[in-house]
Amino acid sequence: MKKLIETIKNIFKIEELRKRILYTLGLLLIYRLGCFVVIPGLNPEALGQLEQQVSGNGLLGLLNIFSGGAFSNASIFALGIMPYISASIVIQLLGIVVPYFQKLQKEGESGRRKINQWTRYLTIGVLLLQGPAYLANLRMQLPDAAYVLSPSSFLFTVTAVTVLIAGTMFVMWLGEKITDKGIGNGVSLIIMVGIVARLPHALIAEVNSRFTDQVGGPMMLVVELVMLFVVFAATIGLVQAVRKIPVQYAKRIVGNKQYGGVRQYIPLKINAAGVMPIIFAQALMFIPIVFNKFEATQGLAATFSNTNGFWYNLVFGILVIAFTYFYTAITVNPNMMADDMKRNGGFIPGIKPGKKTVDYLDTIMTRITLPGSIFLAIVAILPAFASILGVNQQFALFYGGTSLLILVGVILDTLKQIESYLLLRHYDGLMKTGRITGRS
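Attention in this report is confined to the structure presented alongside it. (Residues numbered from 1 in each chain as written. Predicted model: local features only at pLDDT ≥ 70, side-chain atom pairs only at ≥ 80, totals over all residues. Heavy atoms only, no water.)

**Section: the overall build of the protein**
What the protein contains, in helices and strands, is 18 helices and five strands. Considering only contacts within the protein whose residues lie at least 6 apart along the sequence, 72% involve residues at least 24 apart. For the protein, the computed accessible surface area is about 22,100 Å², with 65% contributed by carbon and sulfur atoms. (Helix = DSSP H or I, 4+ residues; strand = E, 2+ residues; numbered from the N terminus. Contact = heavy atoms within 4.5 Å. Areas by Shrake-Rupley, 256 points an atom, 1.4 Å probe, with all protein chains shown as cover.)

**Quick word on a nonpolar patch on the surface**
On the surface, Met219, Met220, Val222, Val223, Val226, Met227, Phe229 and Val230 cluster together to form a nonpolar patch covering roughly 740 Å² of accessible area. Within the fold, Met219 resides in helix H10 (residues 217-240). Looking at Met219, the relative accessible area reads 60%, which means it is exposed. (Patch = residues over 30% accessible without salt bridge, like charges linked within 9 Å, V, L, I, M, F, W, Y side chains within 5 Å. Salt bridge = Lys/Arg side-chain N within 4 Å of Asp/Glu carboxyl O. Buried < 20%, exposed > 50% of the residue type's maximum accessible area, 1.4 Å probe, protein only.)

**What about the packing of helix H5 (residues 82-97) against helix H11 (residues 276-285)?**
Packed helices, taken two at a time, are described by the angle between their axes plus the distance between the axes. As a packed pair, H5 and H11 sit with axes 9 Å apart at the nearest point and diverge in direction by 105°. Classified by the angle between their axes, H5 and H11 sit roughly perpendicular to one another. In contact with Met82, Ile85, Ser86, Ile89 and Gln92 of H5, H11 contributes Ile279, Phe280, Ala283 and Leu284. Class assignment of the residues belonging to the contact of H5 with H11 gives a composition of seven nonpolar, two polar and no charged. (Axes fitted to C-alpha atoms, helices over the stretch in contact; angles between N-to-C directions. Parallel < 35°, antiparallel > 145°, perpendicular 65-115°, else oblique. Nonpolar A, V, L, I, M, F, W, Y, C, P; charged D, E, K, R; others polar.)

**Some thoughts on the pattern of salt bridges**
The full count for this structure, using the stated rule, is four salt bridges. When the shortest N-O distance is used, the salt bridge between Glu15 and Lys19 registers 3.1 Å. Here the residue Glu15 and the residue Lys19 both occupy positions in helix H2 (residues 15-34), the gap between them amounting to four residues, near one helical turn. By relative accessible area, which is 46% here, Glu15 ends up partly exposed. By relative accessible area, Lys19 is classed as exposed at 51%. Residues Lys355 and Asp359 are paired through a salt bridge, measuring 3.0 Å at the closest nitrogen-oxygen approach. Of this pair, Lys355 and Asp359 are both found in helix H15 (residues 355-380), four residues apart, which corresponds to roughly one turn of the helix.

**Things to note about the packing of aromatic side chains**
Tallied over the entire structure, the rule returns nine aromatic pairs. Ring geometry for Tyr100 and Phe101: centres 5.4 Å apart, planes at 80°, overall edge-to-face. On the accessibility criterion, Phe101 (9% relative accessible area) is buried. Look at Tyr312 and Phe316: their rings are 5.9 Å apart centre to centre, the planes differ by 45°, and that puts the pair in the tilted class. Taken together, the positions of Tyr312 and Phe316, both in helix H13 (residues 310-331) and four residues apart, correspond to about one turn of that helix. (Phe/Tyr/Trp six-rings, centres within 6.5 Å; stacked < 30°, edge-to-face > 60°.)

**Details of the nonpolar core**
Most often, soluble globular proteins have nonpolar side chains that are buried together. Leu42, Ile81, Ile85, Tyr134 and Ile406 are the most contacted members of the largest nonpolar core, which totals 83 residues. The dominant element in this core, judged by the number of residues it contributes, is helix H8 (residues 154-181), at eleven residues. Setting aside its immediate chain neighbours within four residues, Ile406 contacts Phe66, Ile191, Met192, Ile195, Val275 and Ile279. Listed in part, the 14 residues of the second largest apolar core include Ala272, Met341, Ile364 and Met365. (Core = buried A, V, L, I, M, F, W, Y, C linked by side-chain atoms within 4.5 Å.)

**So, the environment of Pro288**
You can see Pro288 is positioned in the loop between H11 and helix H12 (298-303). The class of Pro288 is buried, set by a relative accessible area of 12%. As for Pro288 and Phe304, which are separated by 16 residues in sequence, their C-alpha atoms are 6.5 Å apart.

**Brief notes about the environment of Val37**
Topologically, Val37 is positioned in the loop between H2 and helix H3 (48-55). Among the residues examined, Val37 registers a relative accessible area of 40% and is labelled partly exposed. A C-alpha to C-alpha distance of 8.1 Å links Val37 and Ala74, two positions 37 residues apart in sequence. If near-sequence neighbours (up to four positions away) are discounted, Val37 is found in contact with Ala74, Ser75 and Ile76.

**Overview of H15**
Helix length check: H15, at 26 residues, gives a terminal C-alpha distance of 36 Å against a target of 38 Å (1.5 Å per residue), a fit within 8%. The largest bend in H15 amounts to roughly 25° and is located at Thr369, with the proline Pro371 lying one to four residues further along. (Expected span 1.5 Å × (residues − 1). Bend = angle between axes of the 7 residues up to and from the residue.)

The following block contains the structure:
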């Protein structure tokens, strides 16, 4: 405990780090306050029925968790940050097949700004689809008495869709500001805060189901918490696991000093893509909600809205594996790694520099990504198994799966940045032995 207090004191002694942390907390507080601001034209006192309907629906319940309860509150932030994530997925896919976006990716900072601008435009396009779909869901769930204006009126529809678009764009702006001037990745932190905000509600619901309803009793609750701890530990192991590739550097004599001649290691992460495959896959799984209002596609929407269903989890798992390979391919560049080694006089023992090194690194990444992606997919669909085994639907969403992976990944990344500031100022790190490696 004394060590923890001393570490907190050291964190706030660093002026830049203190300002970044307070700036991040301030923007996150603004986001949480906005989650309770109801869309104009709705009666806040009549939204209790929507909370019950959303809690009992797997996919809508998951969307409600990602938005920190804003979805069930009919808030101006009801659609959350997921439309921006969906747009980012599309833009990154276009970067593979469309020459224009490929060129932008190679233009450095100016290209990145143009890609961000295209992502914002596409986010508005996604919102123009999701906004009316969300209002249609409200009309099905809420009685007419909940509306100040007629729910089918043109004025209410235009006003509500405009507010929802503005709300998501504001949340996106908050995320960008946190990334630039705060600590951690802004978009990931906003998603994490939404998840943490719903955790107490889910835990209370699970405790009530075990004690009040006499289902399983306290022993079953203890077993669930122990299993959750095991899944938590396994997830941390997945995030931090690496395959070390030995690299030998040639000896160089400069003046009276010798450089090189030592063996170092390249840490290739088993899950190099981090939490992004889960976020990308989950964003695509939200698409069927858009087709719920069309009679011809309601069956398809119902099938892929059941988070405990076979087809939902099969497609979800396959998407996680596919996005793991995709994101690893665009973030880990064997050619650049081989060039850096060659430039610094390094080589992998037994492997010729150049193309042979590139092929070797690419083969290793392909082999270690397969088990990493499969394990990531298994953890992603664990909530479905937990729900089938009797865990409360709300708590099951935290039992591994997307929520846990996002929590673990974002927390490790944020702590890694904080630890970097501490070590740079010659303070002790956050752990007695070793350093926090984070996801990247």
